[in-house]
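The primary structure of each chain is shown beneath.
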Amino acid sequence: MQSTLAPASTKTRSLVINSLFIALTLVATMFINIKLPIMGNGGLIHLGNVPLFIAAFVYGRKTGFIAGAFGMGMFDILSGWAAWSPFTFIIVGAMGYVAGLISEKMPGKRVLVYSLAVVVALIIKVVGYYFAEVVLYGNWILPFGSIPGNIMQVVIAGIIVVPLVGRFKKLL
């Protein structure tokens, strides 16, 4: 009997954790943000990357992907940026997946591993959104205006998460 309960329990736990991090990512993106008043789209600085990185580092690449793709993708749909949603789903989902993959597979001092994962996620975000803006705006110059905001939001999230994530892992 115990073996039949374990998979359902694991599936339920996974569903709850994934749902929680989708919600946390959505809320942190939606309610803790500042629109930058610089050229073009300018960029949006938000704290949605904080729960995204926590999900990826504590629960792994799948939860990182789900939190980023669905949490920030829903933000785009709910806040009037629906044209961005497919790009966000792929870009931020990839950020969460790759950050989680690096944290799962790379040996070494965890602070350095998490820092590397944040840097790789930053590159994915900057490059991904640059090309998303090229597609949406049909302009190769305008997207440069969003790069400072993208860098700031990932760096700030890294500064918050990297020193704390080890403590979160100990709690669980």
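All of these numbers come straight from a predicted model, not from anything done at the bench. (Residues numbered from 1 in each chain as written. Predicted model: local features only at pLDDT ≥ 70, side-chain atom pairs only at ≥ 80, totals over all residues. Heavy atoms only, no water.)

Considerations on helix α5 (residues 110-137)
Note the following rule: Put simply, DSSP marks the helices as runs of H or I at least four residues long and the strands as runs of E at least two long, and each gets a number from the N terminus on. One less than the number of residues in a helix, times 1.5 Å, gives the span that helix is expected to have.
Taking 1.5 Å per residue, 28 residues should reach 40 Å; α5 reaches 40 Å between its end C-alpha atoms and fits that length. Positive phi shows up at G138, right after α5, with a value of about 65 degrees.

Digging into the pattern of salt bridges
Applicable threshold: For this analysis, a salt bridge means a side-chain nitrogen from Lys or Arg found within 4 Å of a carboxyl oxygen belonging to Asp or Glu. Under the scheme applied here, a residue whose accessible area is under 20% of the maximum for its type counts as buried, over 50% as exposed, and between as partly exposed, the area being computed with a 1.4 Å probe on protein chains only.
According to the stated counting rule, one finds one salt bridge in the structure shown. Of the charged contacts in the structure, one is a salt bridge between R61 and E104, with a shortest N-O distance of 3.4 Å. Here the residue R61 occupies a position in helix α3 (residues 61-78), and E104 occupies one in helix α4 (residues 85-105), the gap between them amounting to 43 residues. With relative accessibility at 39%, the residue E104 sits in the partly exposed group.

Remarks on the nonpolar core
Going by this rule: Throughout, nonpolar core names a set of buried Ala, Val, Leu, Ile, Met, Phe, Trp, Tyr and Cys residues whose side chains join them through atoms within 4.5 Å. In what follows, a contact means two residues having at least one pair of non-hydrogen atoms within 4.5 Å.
F53, F57, M95 and V161 are the most contacted members of the largest nonpolar core, which totals 35 residues. Put simply, the parts of the chain that give this core at least two residues each are α1 (2-31), α2 (49-59), α3, α4, α5 and α6 (147-171). Tallying contributions element by element places α5 first for this core, with eleven residues. Dropping the residues within four chain positions of it, M95 is found in contact with N49, L52, F53, A121, I124, K125 and V154.

Focus on the packing of aromatic side chains
Definition in use: Centre distance within 6.5 Å is the pairing criterion for rings of Phe, Tyr and Trp, where only the six-membered ring of Trp is used; planes under 30 degrees apart are then read as stacked, over 60 as edge-to-face, and the remainder as tilted.
Under the counting rule described, the total for this entry stands at eleven aromatic pairs. Between F53 and F57, the aromatic rings sit 5.8 Å apart at their centres with planes inclined by 10 degrees, giving stacked as the arrangement. In this pair, F53 and F57 both sit in helix α2, four residues apart, roughly one turn of the helix. Ring geometry for F70 versus F89: centroids 5.0 Å apart, planes at 90 degrees, classification edge-to-face. Within this pair, whereas F70 is found in helix α3, its partner F89 is found in helix α4, the two being separated by 19 residues in sequence. Residue class for F70 comes out partly exposed when judged on its relative accessible area of 38%. Here the aromatic cluster, defined as three or more aromatic residues joined through ring pairs, consists of Y130, F131, W140 and F144.

Focus: the side chain of H46
Filter applied, for reference: Between N or O atoms, a polar contact is any pair within 3.5 Å; within protein, one atom must be a potential hydrogen donor and the other a potential acceptor, and residues adjacent in sequence are included only when both atoms are from side chains.
Along the chain, H46 falls in strand β2 (residues 44-46). Take H46: its relative accessible area is 6%, and that puts it in the buried class. At 3.0 Å, the side chain of H46 forms a polar contact with the backbone nitrogen of G48. A polar contact of 2.9 Å, which involves the side chain of H46, links it to the side chain of Q153.

A closer look at the packing of α2 against α6
Stated precisely, the cut-off is as follows: Angular values range over 0 to 180 degrees, each being the angle between N-to-C directions of two axes fitted as lines to C-alpha atoms, with helices fitted over their stretch in contact. Here the word oblique covers every angle except those under 35 degrees (roughly parallel), over 145 (roughly antiparallel) and from 65 to 115 (roughly perpendicular). The crossing is said to be left-handed when, going from far helix to near helix, the turn is anticlockwise and less than a right angle, and right-handed when the turn is clockwise. Amino acids outside the nonpolar list (Ala, Val, Leu, Ile, Met, Phe, Trp, Tyr, Cys, Pro) and the charged list (Asp, Glu, Lys, Arg) are all regarded as polar, and Gly is one of them.
As a packed pair, α2 and α6 sit with axes 9 Å apart at the nearest point and diverge in direction by 40 degrees. Taken together, α2 and α6 sit at an angle that is classed as oblique. Here α2 and α6 pass one another in a crossing that is right-handed. Along its contact with α2, which presents N49, V50, F53, I54, F57 and V58, the element α6 presents Q153, V154, A157, G158, I160, V161, V165, F168 and K169. In terms of residue class, the contact of α2 with α6 is built from eleven nonpolar, three polar and one charged.

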